[in-house]
Amino acid sequence: MRYKYDIQQRQKMRHQFGEQSWKIEKAMQWSLDAMQKKAATMISKEIRQTYNIKTSDVKRAIRLDWARRAASRTILYTGRRLPLERFSPRAKIVRVNATSINGRTYRTRRKGVTVRVRRDKGAQLVGRAGRQSGGWYAKGHVLRRASYSDNRSEPHMQFGPSIPGMVAHPQLIADTQEMVRRELPQQFSDRLDYLLSQS
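In this text, all values refer to a predicted model and were calculated from it rather than measured experimentally. (Residues numbered from 1 in each chain as written. Predicted model: local features only at pLDDT ≥ 70, side-chain atom pairs only at ≥ 80, totals over all residues. Heavy atoms only, no water.)

1. What to know about unusual backbone geometry
Phi angles above zero are rare outside glycine, and Ser88 is one such case at about 50°. Here Ser88 shows up in the loop between β3 (81–83) and β4 (90–99). You can call Ser88 partly exposed: its relative accessible area is 40%. A positive phi angle is found at Lys139, which is not glycine, with a value near 55°. Note that Lys139 resides in the loop between β7 (135–138) and β8 (141–145). (Helix = DSSP H or I, 4+ residues; strand = E, 2+ residues; numbered from the N terminus. Buried < 20%, exposed > 50% of the residue type's maximum accessible area, 1.4 Å probe, protein only.)

This is how it looks when you write it as structure tokens:
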């Protein structure tokens, strides 16, 4: 398919447009931003059927990049595991077993936190294997200490699944990337045409 402005000829156009060559990079960034939103929508439509996640969170986890010498090699990055605070955290008082200085076990109350990662399951307490609780919500983060038995151990942020881990069919990621590669040239041509028409 022929476009008014070929995304593969950006280097040539830089020499051709002279002082207006900055508009090429501007058009490229606009195009990537538009395709990033479309890719996030495409992916989120599937995963939101199962996971309790916002489209805006999917958008933040996705980044598009491209090879400067070959825009057809646009790459879709889907990020790492998402922090648990993205999954509707709620503080909750829970009853737990504690051990006194004398070695006695007793029941007490502590602050805990629940999150809802999947739509087909209810909210669940954040803890660790074999424990009902152990996590808490503070300063916008879901935290848990490195050692459950040591209250002085350093707290760490807790994470849920990654975007690729949520996708039921890995082919969706490949299809989304192919969609970006297919539509990006037209996006680029249209936006560059607009920018040049403003001069």
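There's plenty left to go through after this.
2. Digging into the nonpolar core
Formed by 41 residues in total, the largest nonpolar core has its most connected members in Ile43, Ile53, Ile163, Phe188 and Leu192. Where this core is concerned, the elements lending two or more residues are α1 (10–17), α2 (22–47), α3 (55–61), β1 (63–67), β5 (105–115), α4 (163–166) and α5 (171–197). In contact with Ile43, not counting residues within four places along its chain, are Val58, Ile62, Leu76, Ile163, Val167, Leu172, Ile173 and Thr176. (Core = buried A, V, L, I, M, F, W, Y, C linked by side-chain atoms within 4.5 Å. Contact = heavy atoms within 4.5 Å.)

3. Here we look at the packing of aromatic side chains
Each aromatic ring pair is described using two quantities: the centre-to-centre distance and the angle formed by the ring planes. Enumeration according to the criterion identifies two aromatic pairs in this entry. Arranged with centres 6.1 Å apart and planes meeting at 70°, the rings of Tyr5 and Phe17 form a pair that is edge-to-face. Remark: Phe17 occurs in helix α1 and Tyr5 occurs in the segment before α1; sequence separation between them is twelve residues. By relative accessible area, Tyr5 is classed as buried at 14%. (Phe/Tyr/Trp six-rings, centres within 6.5 Å; stacked < 30°, edge-to-face > 60°.)

4. Focus: α1
Turn by turn, an α-helix covers 3.6 residues, leaving residues three or four places apart pointing in a common direction. Along α1, the residues classified as buried are Arg10, Met13 and Phe17. Angularly, the buried residues of α1 cover 55° about the axis, an arc narrow enough to put them on a single face. For α1, exposure combined with an orientation more than 90 degrees from the buried face picks out Lys12 and His15. Immediately downstream of α1, the backbone of Gly18 shows phi near 60°, a positive value. (Arc of directions from axis to C-beta.)

5. A look at the pattern of salt bridges
In total, this model carries seven salt bridges according to the counting rule given. Residue Lys4 pairs with Asp193 through a salt bridge whose shortest N-O separation is 3.0 Å. Residue Lys4 is found in the segment before α1, and its partner Asp193 is found in helix α5; the two are separated by 189 residues along the sequence. We note a salt bridge from Asp57 to Arg86, for which the minimum N-O separation is 3.8 Å. Pair noted here: Asp57 is in helix α3 and Arg86 is in the loop between β3 and β4, with a separation of 29 residues, a long-range link. Owing to a relative accessible area of 3%, Asp57 belongs among the buried residues under this scheme. We classify Arg86 as partly exposed; its relative accessible area is 26%. Through salt bridges that share partners, Lys38, Arg182 and Glu183 make up one connected network. (Salt bridge = Lys/Arg side-chain N within 4 Å of Asp/Glu carboxyl O.)

6. Some points on the environment of Trp66
Along the polypeptide, Trp66 turns up in strand β1. Considered as a pair, Trp66 and Leu32 are 34 residues apart in the sequence and their alpha carbons are 9.0 Å apart.

7. What about the environment of Glu85?
Along the polypeptide, Glu85 turns up in the loop between β3 and β4. Classification of Glu85 as buried rests on a relative accessible area of 17%. With residues near it in sequence (within four places) discarded, Glu85 still touches Tyr137, Gly140, His141, Val142 and Met157. A polar side-chain atom of Glu85 sits 2.8 Å from a polar atom in the side chain of His141. A distance of 3.4 Å separates a polar atom in the side chain of Glu85 from the backbone nitrogen of Val142. (Polar contact = N/O pair within 3.5 Å; in protein donor to acceptor, adjacent residues only side chain to side chain.)

8. Some details on the packing of α1 against α5
Interaxial distance between α1 and α5 falls to 14 Å at its minimum, and their mutual angle equals 5°. Relative to α5, α1 is oriented roughly parallel. The segment α1 lies against α5, with Arg10, Met13 and Phe17 engaging Phe188, Leu192 and Leu196. (Axes fitted to C-alpha atoms, helices over the stretch in contact; angles between N-to-C directions. Parallel < 35°, antiparallel > 145°, perpendicular 65-115°, else oblique.)

Function cannot be read off these values alone, since they describe shape.
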